[in-house]
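Structural description and commentary
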Amino acid sequence: MCYVGYPVRQPGPGGRAAANGTLRAAALRALRQPLTIGELALAVQCAPTTATYHVHLLAGAGLVTCERRGSSVLVSRSVRGHELVDLLAD
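Summarised in this report is the structure supplied together with it. Only a predicted model underlies this, so the values are computations on that prediction, with no experimental measurement involved.

What to know about the overall build of the protein chain
Looking only at helices and strands, the protein chain features four helices and three strands. Reading the helices (α) and strands (β) of the protein chain from amino to carboxyl end gives α-β-α-α-β-β-α. The buried share of the protein chain, reckoned over its 90 residues, is 31%. Within the protein chain, contacts between residues at least 6 apart in sequence are counted, and of these 38% link residues at least 24 apart. When the accessible surface of the protein chain is totalled, it reaches about 6,100 Å², and 58% of it is carbon and sulfur.

Notes on the sheet that holds strand S2 (residues 64-69)
A sheet is described by the order of its strands in space; here three strands give the open sequence S1-S3-S2, paired in antiparallel fashion. The open sheet is flanked by strand S1 (35-36) and S2, the only strands paired with a single partner.

Looking at the packing of helix H2 (residues 37-44) against helix H3 (residues 48-60)
Interaxial distance between H2 and H3 falls to 8 Å at its minimum, and their mutual angle equals 100°. When the axes of H2 and H3 are compared, the pair comes out roughly perpendicular. From H2, Ile37, Leu40 and Ala41 reach across to H3, where they touch Pro48, Ala51, Thr52 and Val55. Of the residues contributing to the contact of H2 with H3, the split by class is six nonpolar, one polar and no charged.

Section: the nonpolar core
Membership of the largest hydrophobic core comes to 19 residues, with the highest contact counts inside it found for Leu40, Val44 and Val64. For this core, the secondary-structure elements that each account for two or more residues are helix H1 (20-30), H2 and H3.

Points about the pairing of S2
Bridge count between S2 and strand S3 (residues 72-77): six bridges; the pairing is antiparallel. Each bridged residue has a counterpart across the sheet, and for Arg68 the counterpart in S3 is Val73. In textbook terms, the turn of a hairpin is the stretch between consecutive antiparallel strands, and for S2 and S3 this stretch comprises two residues, one of which, Gly70, has a positive phi near 65°.

What about the pairing of S3?
On any regular strand, side chains alternate: one points to one face of the sheet, the next to the other face. Relative to S3, S1 runs antiparallel, the two being bridged by two bridges. Each bridged residue has a counterpart across the sheet, and for Thr36 the counterpart in S3 is Leu74.

Details of H2
Where H2 is concerned, the buried positions are Ile37, Leu40, Ala41 and Val44. The arc that holds every buried residue of H2, seen down its axis, measures 100°, which confines them to one face. Among the structural elements, H1, S1, H3 and S3 are those in contact with the buried residues of H2. Once H2 ends, the next one or two residues include Gln45, with phi positive near 55°.

Parameters at a glance
Residues numbered from 1 in each chain as written. Predicted model: local features only at pLDDT ≥ 70, side-chain atom pairs only at ≥ 80, totals over all residues. Heavy atoms only, no water. Helix = DSSP H or I, 4+ residues; strand = E, 2+ residues; numbered from the N terminus. Buried < 20%, exposed > 50% of the residue type's maximum accessible area, 1.4 Å probe, protein only. Contact = heavy atoms within 4.5 Å. Areas by Shrake-Rupley, 256 points an atom, 1.4 Å probe, with all protein chains shown as cover. Pairing = 2+ DSSP bridges. Axes fitted to C-alpha atoms, helices over the stretch in contact; angles between N-to-C directions. Parallel < 35°, antiparallel > 145°, perpendicular 65-115°, else oblique. Nonpolar A, V, L, I, M, F, W, Y, C, P; charged D, E, K, R; others polar. Core = buried A, V, L, I, M, F, W, Y, C linked by side-chain atoms within 4.5 Å. Arc of directions from axis to C-beta.

Rendered as structure tokens:
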């Protein structure tokens, strides 16, 4: 069995995720079902522009997919994203 870990800072005042890795991990966990960028931003307690930035990085890593629906962008976990969340949840 292999584990990958790295230190992250605890959420700051108000429960906000202070570290970028913590915010991305929270976003992946929040994507149990597809969410719009706005819904994801609410779920991880950040601005929509911040959520968009992190979603682009997660998409670049192949962990999420994005689909434009009218004026909204729907974000979903990819198969790879599901596998990572499942691996780290055990």
